[in-house]
Amino acid sequence: MTAADLWEAFSRADLNPDALALGDLTRGAAVVRVTELAERLRAQGVRPAEAVGLQGPNQPEWVLGLLALTAAGACPLLLPADSPPAETRRLLRAAGARRTLVADPGEADRAVLRAEPGGADEGLFGDGITAAEADSGAAAHAPGTVLLVSSGSTGTPKLVARSPRSVLDEGVRYHQAGLARPDDCVLLPLPLSHAYALGWLAGALVAGAHVDPVPPRAVGAVHSRLRERATVLVTVPGLARVLARRRALVEDAPFPALRRVMAGAGYVDAELDALWTRTLGVGVSRNFGSSETGSVLWGDPGLPSGAVGRPMPGVRVDLLHPDGTPLPGRDAAQGELAVVLEDGSVHRLHDLADRDEHGVHRILGRARLGVVRRGARWVSTMEVESALRAAPGVADVSVTATGPDDSDDQGLTVEYVPADAELASPSRVQAYARAELAAYKVPDSFQPRYRLRRSAVGKAQAAPVYRLARAARPGTTAEQVLAAALTELGLPPRLADGRTAADLAGTAGLRADMLSPVLDTACALGLLVTDTASAGAPYAWAYSPDVASAGRALAARVRGEAAGDRPTPPAAPSGPPAPEKALRASVEGLLAEAAADGALLEIGDGGAPPAADAEYGGCVVLGGVHGPAAQLGSLAALLRPKGLLVVADAFVPDPLVLTDDMSRTTVVRWLVDGHLHWWTTQELRAGLEAVGLRVEESRDAEQAPYAILVARKPS
């Protein structure tokens, strides 16, 4: 590849300017847009090698922004679209970046260069970012270097610098392996700021293929692109499972143009591969790499669970002995992965893998994190997670090691989200593990949780450290209720130096499972933070006496007192409005369209499902799916085969980022009442599927903050 960077690869003269290249843009139109934007950036003072943040939704405008920054010689810092402002400021500081290019199709100019407010030097420098820091950050990298934010699953996120040559080399691997071809339309429903998406983007640009980025959760957009033109779908295991169960995709399969589905950035098991092959006619290929190296292993469909295939063209993959020496290259072996890239650089990936006699690699997990030594045997936590994910009633699961890293007999702890408290009780999940796994792989502890923290690509995240926010002042009723509850629990002094939920629960005698959503909500309301840059000294929170009773009720729940029988405090913030006629009309229209066969049952807000002594053709739950315990299994048990479940309830987009007063009030209302399950439609979807239902549709209702989900019991 003779191009110097992604921009030169995209704008090569030998490529057809009239062919679609980026979304609905032809290559010629995209080149004009990038050229104009690069000139604007230079006119606004963007210098070669200057670090500039890039943030925006998964749209063609984001790719145009990346190419324009590269064309201007800047160093793009790929900021996650869902990062809260405090995290964005911390990442900008770490990179020495003074401003951010916001790529937004809603803007008049499609992309706007914004400086962080409140800084020095005529407002160009953000919170705590000095000119000297910015210049030192720019001087540390060559022009066109891409700055990536590493995954939080390996600890505290850090910045990884990828040279223009490194990014291009990865793109060449995809092209030479035949994964990205000139006649391809590569569909990218991935966070474009992630290293996995960057590699595929580079592969498509190097190959001269058509790139079609869409938002990660836009399942409808994925469906329409598969029907229209997509030949390659790049996804992650979690989204792949959702797509393969979507009714419209399955009914429209096969898609004649679709030739490959690639799932990376997660554990791909044989069940997922078989599900795609059975329902859509295309198995799941595998992809593996790191932020520092890009993708280095890939494999065709049909591999065993956890296997990721052979080395990509241009790289050498070694397995290392514990003393650091490479093991024989052709023999079956087990060791730590090390990679030699095209430029001769050597990278130890800190992942353990085994290699079979055919040269196929299977990832066991992170060294000293995802791989546990139990006696004389190694256990992969990813393998255990994959097995337990299929346990009845388990909506989400994470397996971690306990005990010293150098122990020869470490423990295993399972944290999981039950879709039904009885169906997925700890004893039943443990019994399932004993039936599905060898004795030495069965975990020691099974802990139900309301939610597991995951990154945008589905990786389990490390437990955050909570700290007091700098000069937080509770203003709204929701904020004051949380401040009152934290004060009642005596937590502010303990939070001054930073603590995890488990630390606080252990020292203060609190319920860790209840405390975690309370602390997360306090972060979303601005009372607490999880980064040191925005942390402050202890602050005396002021709140109205009217909210004291609600704060005490919430504190009692965190202590494990009066979990469900305490009357609702009158001073608590009011929740979402009751379902009105418009919402009921939408539900009735759905039922008429679906033609539910058999008796219809309606459960109102606060109602409980009857005993499963009859099979209904349909069940409607209006405003009553939230509750102190997960009971989705009892709803599924009411339905006859092909029976329909319609849930219309209030939801929030993201419990960790509450941007509007309605969501904030709703979440705090749920906390006070102990309604801790199914805050998002994605959580409810996972729960319904865990009890054996198939979600056919999810739509926002006209009346905010309600949404409607439709699920069916398979025949």
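*Asks:* Is there a simple way to explain the overall build of the protein chain in this structure?
*Replies:* A tally of regular secondary structure across the protein chain gives 22 helices and 31 strands. Counting across all 715 residues of the protein chain, residues that qualify as buried make up 55%. The long-range fraction of contacts in the protein chain, counting pairs at least 24 apart against all pairs at least 6 apart in sequence, stands at 67%. Total accessible area on the protein chain is roughly 28,600 Å²; 50% of this is exposed by carbon and sulfur atoms.

*Asks:* When you look at the environment of Gln410 in this model, what are you seeing that I'm missing?
*Replies:* Counting through the fold element by element, Gln410 comes out in the loop between β22 (394–402) and β23 (411–418). For Gln410, a relative accessible area of 6% translates into the label buried. Sequence-wise, Gln410 and Val379 are 31 residues apart; in three dimensions their C-alpha atoms are separated by 9.9 Å.

*Asks:* In this structure, what is going on with the sheet that holds strand β24 (residues 445–448)? I would like to understand it.
*Replies:* Pairing between the strands of a sheet comes from backbone hydrogen bonds, and it takes one of two forms, parallel or antiparallel. Across the sheet, which stays open at both edges, the three strands sit in the order β22-β23-β24 with mixed pairing between neighbours. Strands at the two margins of the open sheet, each flanked by one partner only, are β22 and β24. This sheet shows a mean twist of 20° between the axes of neighbouring strands, independent of strand direction. Here helix α13 (residues 426–436) sits on the sheet and contacts β22, β23 and β24; the angle it forms with β24, its principal contact strand, is near 135°.

*Asks:* Would you explain the sheet that holds strand β30 (residues 694–700) in this entry?
*Replies:* What the five strands build is an open sheet, ordered β27-β28-β29-β31-β30; its pairing is mixed. Because the sheet does not close on itself, it has two edges, and the strands there are β27 (600–603) and β30. On average, each strand axis in the sheet is inclined to that of its neighbour by 15°, with strand direction left out of account. Two strands pair when backbone bridges link them, and strand β29 (residues 639–650) and strand β31 (residues 706–712) are joined in this way by seven bridges, in the antiparallel orientation. Directly across from Ala650, in β31, lies its bridge partner Tyr706. Strand contacts of helix α22 (residues 681–690): β29, β30 and β31, with the helix running at about 20° to β31, the strand carrying the most contacts.

*Asks:* Explain the pattern of salt bridges here, please?
*Replies:* Between side chains of opposite charge, a pair can form as their charged atoms come close. This model, assessed by the stated rule, comprises 35 salt bridges. A salt bridge links Glu342 to Arg173; the shortest N-O distance between them is 2.8 Å. On the criterion of sequence distance, the pair formed by Glu342 in the loop between β17 (333–340) and β18 (346–355) and Arg173 in helix α6 (residues 164–176) is long-range, its members being 169 residues apart. Arg173 gets classed as buried once you look at its relative accessible area, which sits at 1%. Residue Asp520 pairs with Arg453 through a salt bridge whose shortest N-O separation is 2.6 Å. A residue pair is termed long-range when its members are at least 10 positions apart, and Asp520 in helix α17 (residues 512–524) and Arg453 in the loop between β24 and β25 (467–468) qualify at 67 residues. Owing to a relative accessible area of 6%, Asp520 belongs among the buried residues under this scheme.

*Asks:* Which parts of the structure should I look at to understand the packing of helix α18 (residues 548–559) against helix α21 (residues 661–673)?
*Replies:* One way to put it is that α18 packs onto α21 with a least axis distance of 8 Å and a crossing angle of 60°. Here α18 lies oblique to α21, going by the angle between them. Residues Ala550, Ala553, Leu554 and Arg557 of α18 lie in contact with α21, whose contacting residues are Leu671, Val672 and Asp673. Split into classes, the residues belonging to the contact of α18 with α21 amount to five nonpolar, no polar and two charged.

*Asks:* I keep staring at the nonpolar core and nothing clicks. Help me out?
*Replies:* The tendency in soluble globular proteins is for nonpolar side chains to be buried side by side. Grouped together as the largest cluster of nonpolar side chains are 102 residues, with contacts concentrated most on Leu6, Leu188, Trp200 and Trp276. Broken down by element, the residue count for this core peaks at eleven residues, all from helix α7 (residues 195–207). Ignoring anything within four residues of it in the chain, the contact list for Leu188 reads Asn58, Ala197, Trp200, Leu201, Val211, Asp212, Pro213, Val214 and Val234. Within the second largest apolar cluster, 60 residues are counted, among which are Leu489, Met514, Ala555 and Leu658.

*Asks:* It is not clear to me how the confidence of the model for the protein chain should be interpreted in this structure. Could you clarify?
*Replies:* If pLDDT is low for a region, its predicted coordinates should not be looked at in detail. Predicted confidence across the protein chain gives a mean pLDDT of 84, with 87% of residues reaching 70 or more. Under a pLDDT of 50 for its full length, residues 152–156 has, in the predicted model, eight contacts with residues more than four places off or in other chains. Contacts of residues 563–570 to residues separated by more than four positions or lying in other chains number 13 contacts, the stretch itself having pLDDT below 50.

So, how was this worked out
- Residues numbered from 1 in each chain as written.
- Predicted model: local features only at pLDDT ≥ 70, side-chain atom pairs only at ≥ 80, totals over all residues.
- Heavy atoms only, no water.
- Helix = DSSP H or I, 4+ residues; strand = E, 2+ residues; numbered from the N terminus.
- Buried < 20%, exposed > 50% of the residue type's maximum accessible area, 1.4 Å probe, protein only.
- Contact = heavy atoms within 4.5 Å.
- Areas by Shrake-Rupley, 256 points an atom, 1.4 Å probe, with all protein chains shown as cover.
- Pairing = 2+ DSSP bridges.
- Axes fitted to C-alpha atoms, helices over the stretch in contact; angles between N-to-C directions.
- Salt bridge = Lys/Arg side-chain N within 4 Å of Asp/Glu carboxyl O.
- Parallel < 35°, antiparallel > 145°, perpendicular 65-115°, else oblique.
- Nonpolar A, V, L, I, M, F, W, Y, C, P; charged D, E, K, R; others polar.
- Core = buried A, V, L, I, M, F, W, Y, C linked by side-chain atoms within 4.5 Å.
- pLDDT = per-residue confidence, 0-100.

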